[in-house]
Amino acid sequence: MTLEFEGVNASFVESYFRLDDDLPKILVQIGKDDYVSAAINEFRGLRILRQEPWECLISYICATYKSISAISQMLANLSGKFGEKICLGSHNVYTFPKPEKLAKAALQELQECGLGYRAKYVSETVRIVHKNGLDFERLKETTYEKAREELLKLPGVGPKVADCVLLFSLEKLEAFPVDVWVKRVVLKHYAKHFQTEFVRKNTSQQSLSTSAYEKFSAFGREYFGKHAGYAQEYLYHFERVHR
DNA sequence: TTCCAGGGAGTAT
DNA sequence: ATACTCCATGGA
């Protein structure tokens, strides 16, 4: 298999696509049952990205209660308005804005990017991170639980956003983010791991309480093990394709 | 037009 | 602790 790239060096590509992970070994580890095995067999090769923590954090704060396409649009707006222009051949692209740049942005400017009520959360979190210089490198070194606790203090960051940031940018591969899609998968195919009353309640109602979230997420970490995040990613994609 | 989206925060019980 | 409610915006 070959991988072509340009404009970056090989070490970046290896890092960004997590080529340092032993994917075949991980897929064996998380292949605990026929259902997740089906997802693995269909999408074998699907990877988790090692994203830049700052970009990941702001992106997932923006992503709450929004459709994927709308999220893409919002982030493109942010980059176009506050990022740096890069010329790639014939067309221009924009980098994700740096903390110091977003820290200077007015609330209304953020709202003009389509952030809606999230503009306030982004604005406040931007200031906290920029001012105190939230040490993402330290969060990488510490445990899943401690790093999660730190992230949850930020405005606009709840358990779902925290788990996404931990998984996609802070080296916490045991994180098992539970969104509406993963919730559906677990309720449909892993119901036997929960009390029937819990399954019934969470099947009928669309919202997800904090305590219910923690039960779903803890199940994922315990059932799939230290690389539960990979299982989440395969199940998530499998559900979205076959819904 | 109505519904819902890779949820979170605020408030009432 | 748990339940209920609101939140801006855009695509389907």
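Residues numbered from 1 in each chain as written. Chains lettered and ligands numbered in written order. Predicted model: local features only at pLDDT ≥ 70, side-chain atom pairs only at ≥ 80, totals over all residues. Heavy atoms only, no water.

Description of the overall build of chain A
Next up, step 1: Helix and strand counts for chain A stand at 15 helices and two strands.
Next up, step 2: On C-alpha atoms alone, chain A measures out to a radius of gyration of 19 Å, which is about the 18 Å that the 2.2 N^0.38 rule sets for 243 residues.
Next up, step 3: Each of the 243 residues in chain A was classed as buried or not, and the buried ones make up 43%.
Next up, step 4: Partitioning the contacts of chain A with sequence separation of at least 6, the portion at a separation of at least 24 is 68%.
Next up, step 5: Distance between charge centroids for chain A: 6 Å, based on 34 positive and 31 negative side chains. (Helix = DSSP H or I, 4+ residues; strand = E, 2+ residues; numbered from the N terminus. Rg over C-alpha atoms; globule rule 2.2 N^0.38 Å. Buried < 20%, exposed > 50% of the residue type's maximum accessible area, 1.4 Å probe, protein only. Contact = heavy atoms within 4.5 Å. Lys, Arg positive; Asp, Glu negative; His and termini not counted. Charge placed at Lys NZ, Arg CZ, Asp CG, Glu CD.)

Some words on the protein's contact with DNA strand B
Next up, step 1: In the neighbourhood of DNA strand B, 23 residues make up the surrounding shell, with S67, I68, Y117, D179 and Q232 lying closest.
Next up, step 2: Considering the 4 Å shell around the protein, atoms of DNA strand B inside it are sugar or phosphate in 59% of instances.
Next up, step 3: Between a phosphate oxygen of DNA strand B and a main-chain N or O atom of G158, the distance comes to 3.0 Å.
Next up, step 4: One of the side-chain N or O atoms of R184 is found 2.9 Å from a phosphate oxygen in DNA strand B.
Next up, step 5: Of all elements in the fold, only helix 11 (159-169), helix 12 (180-189) and helix 15 (228-242) reach the threshold of two or more residues within the surface near DNA strand B.
Next up, step 6: Looking at the surface near DNA strand B residue by residue, the classes come out as 13 nonpolar, five polar and five charged. (Near = heavy atom within 4 Å. Polar contact = N/O pair within 3.5 Å; in protein donor to acceptor, adjacent residues only side chain to side chain. Nonpolar A, V, L, I, M, F, W, Y, C, P; charged D, E, K, R; others polar.)

Notes on the domain arrangement of chain A
Quite often, the size of an interface is put as the accessible area lost when its parts meet.
Next up, step 1: If you check the domain split of chain A, you get domain 1 (17-44 + 175-241) and domain 2 (53-169).
Next up, step 2: Computed over C-alpha atoms only, the centres of domain 1 and domain 2 are separated by 25 Å.
Next up, step 3: Contact with domain 2 buries area across many residues of domain 1, yet A175, P177 and Y213 alone supply 45% of it, more than any other trio.
Next up, step 4: Counting every contact that joins domain 1 to domain 2 gives one salt bridge.
Next up, step 5: Where R148 meets E214, a salt bridge forms, and the shortest distance between an N and an O atom there is 3.2 Å.
Next up, step 6: Counting across the domain 1 and domain 2 interface gives five residue pairs in polar contact (both at pLDDT 80 or more).
Next up, step 7: At the level of secondary structure, the elements contributing two or more residues to the side of domain 1 that touches domain 2 comprise helix 14 (210-224) and helix 15.
Next up, step 8: Per-class residue counts for the side of domain 1 that touches domain 2 are six nonpolar, two polar and five charged. (Domains from an automatic or database assignment. Buried area = accessible area lost by both parts, 1.4 Å probe. Salt bridge = Lys/Arg side-chain N within 4 Å of Asp/Glu carboxyl O.)

Thoughts on a nonpolar patch on the surface
Next up, step 1: A surface patch of nonpolar side chains, about 520 Å² in accessible area, is lined by L3, F5, V8, F12, F17 and L19.
Next up, step 2: Relative to the elements of secondary structure, F5 occurs in the segment before helix 1 (10-16). (Patch = residues over 30% accessible without salt bridge, like charges linked within 9 Å, V, L, I, M, F, W, Y side chains within 5 Å. Areas by Shrake-Rupley, 256 points an atom, 1.4 Å probe, with all protein chains shown as cover.)

Some remarks on the protein's contact with DNA strand C
Next up, step 1: Around DNA strand C, the structure places Y65, K66, S69, G116, Y117, R118, K201 and S211.
Next up, step 2: If you look at DNA strand C and keep only atoms within 4 Å of the protein, 55% of those are sugar or phosphate atoms.
Next up, step 3: One of the backbone nitrogen or oxygen atoms of Y117 is found 3.1 Å away from a sugar or linking oxygen of DNA strand C.

A word on the side chain of H227
Next up, step 1: Examined against the element boundaries, H227 turns out to sit in the loop between helix 14 and helix 15.
Next up, step 2: H227 sits in the buried class, given a relative accessible area of 13%.
Next up, step 3: Filtering out sequence-adjacent residues up to four positions away, H227 remains in contact with I26, Q29, I30 and L173.

Points about the pattern of salt bridges
Next up, step 1: Within the structure shown, the criterion is met by twelve salt bridges.
Next up, step 2: Taking the shortest distance from any N to any O, the salt bridge between K81 and E112 comes out at 3.4 Å. Of this pair, K81 sits in helix 5 (residues 68-82) while E112 sits in the loop between helix 7 (107-111) and helix 8 (118-132), placing them 31 residues apart in sequence.
Next up, step 3: By relative accessible area, K81 is classed as partly exposed at 38%.
Next up, step 4: Notably, a salt bridge pairs K153 with E150, separated by 3.5 Å at the nearest N-O pair.
Next up, step 5: Taking relative accessible area as the criterion, K153 reaches 59% and is therefore assigned exposed.

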